[in-house]
Amino acid sequence: MANVIEVQGLSKRFQTADREVQALKDINLQIEEGDIYGIIGMSGAGKSTLVRCLNFLEVPTEGKVTVRGKQLDQLSEKELREERTQIGMIFQGFNLLMQKNVLDNVCFPMVIHGVKKQDAVACAKSLLEMVGLSSKETSYPAQLSGGQQQRVAIARALALQPKILLCDEATSALDPQTTNSILQLLKKINQEMGITIIIITHQMSVVREICHHVAILENGQIAEKGLVEEIFVHPKSRAAKMLVIEGRDPDEWEAEAEKQEVHELHESRRLRIVFSANSSYEPVIANMVLATKTPVNILFADTKDVGGVARGQMILGLPSGEEAQARIITYLKGHGLEVEEVAGNVDA
């Protein structure tokens, strides 16, 4: 599959009144056509700056951004405006025109790009049907729920038939049920229309639900990137381990740090094991204790939906004694489980 977006050595600095701020540093990304790619990080990690660099609403200080084979810094203003029509955008705040009804909101980008009114209306009606809002054509944004407003924003973003859709914290203002319905709609758009979707979020639950690949940003740099499934099984960076092992979204890291059991473990050696879809339903730990005649402490356990597949994880506190520890590890690996040693605190 060809890359639809390539980012090479991208850095972005802002000059304030008294100092220079490094928002992004040496970002390198390749996003394949048709992918759903997540970019996740804490507030201030550089996510929104990065997404704005992907369509040159922010011009990088250094580096290259290539979209559909075109290097954006080599385009004229007219060519750049034309290329942006192929990159739709939706935002946390919806950004609808409050004085226009739903149908006119969706028509708006087509009208300003010279599409005949009759054709624009027909297209808008079709898009509103796709997002489930045919009955709201004459309603105004203030009369809609947050989820309905976001559906209108999605329809509007698709009006010019883009090849890429950028979603900047598009579900952050929504409740969990509404968030899930919006994510299912985005998944449908990806599958049925073949549109590449880039999701900027601070919610790991969003990444697990919909994304194929993910890049984790920390302090303006990519801490880790790859398949969502692979990062769940083998998180390597501090940021990924905090997201995956501790099971918290980045905006909860500081507020709930003292509540996490994984910070309070006292065993001298700990293992993280990851269960596949099959092993999730087997009493693996009970069978291991019986087979090895060696007890363990279950210090942490949960199950997450990763791309529609149930993946469980546990952190086990091992008994003292190298021989007993070796029996446990051999048993777990022999039953096809992913096993890795972890510190008592993932910051270590």
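Residues numbered from 1 in each chain as written. Predicted model: local features only at pLDDT ≥ 70, side-chain atom pairs only at ≥ 80, totals over all residues. Heavy atoms only, no water.

A. Spatial organisation of the layout of surface pockets. Here the largest pocket defines a volume of roughly 560 Å³. Elements with a minimum of two residues in the lining of the largest pocket: α2 (77-84), β6 (87-91), α3 (102-112) and α5 (146-157). Among the elements that line the lining of the largest pocket, the one with the most residues is β6, at four residues. Its residues assigned to classes, the lining of the largest pocket comprises eleven nonpolar, five polar and three charged. Lining the second largest pocket are 15 residues, and of these Gln 161, Pro 162, Lys 163, Met 193 and Ile 195 lie nearest its centre. Of all the secondary-structure elements, those providing two or more residues to the lining of the second largest pocket are β1 (3-15) and α4 (117-130). Counted by class, the lining of the second largest pocket contains eight nonpolar, four polar and three charged residues. (1 Å grid on protein atoms, 1.4 Å probe; cavity = no way out; pocket = protein on both sides within 12 Å on 5 of 7 lines; lining within 4 Å. Points joined across faces, edges and corners; volume = space filled by probe spheres on them. Helix = DSSP H or I, 4+ residues; strand = E, 2+ residues; numbered from the N terminus. Nonpolar A, V, L, I, M, F, W, Y, C, P; charged D, E, K, R; others polar.)

B. Spatial organisation of the side chain of Thr 66. Along the chain, the position of Thr 66 falls in strand β4 (residues 62-67). The buried category is assigned to Thr 66, whose relative accessible area is 16%. Other than its neighbours up to four places away in sequence, Thr 66 contacts Val 4, Ile 5, Glu 6 and Gln 71. (Buried < 20%, exposed > 50% of the residue type's maximum accessible area, 1.4 Å probe, protein only. Contact = heavy atoms within 4.5 Å.)

C. Highlighting the sheet that holds β1. In spatial order, the strands read β2-β1-β4-β5; together these four strands make up an open sheet with antiparallel pairing. Looking at the sheet topology across the chains shown, the edges are occupied by β2 (20-32) and β5 (70-71). Note that β4 and β5 share two bridges and pair antiparallel. Residue pairing across strands places Val 67 opposite Lys 70, the latter belonging to β5. (Pairing = 2+ DSSP bridges.)

D. Geometry of the nonpolar core. Within the largest apolar cluster, 55 residues are counted, with the highest numbers of intra-cluster contacts made by Ile 90, Ile 154, Leu 186 and Ile 199. No other element matches the six residues that α4 contributes to this core. Once you skip the residues sitting within four places of it in the chain, Ile 90 turns out to touch Gln 150, Ala 153, Ile 154, Ala 157, Leu 165, Leu 166, Cys 167, Asp 168, Ala 170 and Leu 186. (Core = buried A, V, L, I, M, F, W, Y, C linked by side-chain atoms within 4.5 Å.)

E. Spatial organisation of the packing of helix α10 (residues 284-292) against helix α11 (residues 322-334). With their axes 10 Å apart at the nearest point, α10 and α11 run at an angle of 135 degrees to one another. Looking at the two axes, α10 sits oblique to α11. Crossing angle aside, the handedness with which α10 passes α11 is right-handed. For the pair α10 and α11, contact is made by Val 284, Ile 285, Asn 287, Met 288, Ala 291 and Thr 292 and by Arg 327, Ile 328, Tyr 331 and Leu 332, respectively. Here the contact of α10 with α11 is built from residues that sort into seven nonpolar, two polar and one charged. (Axes fitted to C-alpha atoms, helices over the stretch in contact; angles between N-to-C directions. Parallel < 35°, antiparallel > 145°, perpendicular 65-115°, else oblique. Left-handed = near helix turned anticlockwise from the far one by under 90°.)

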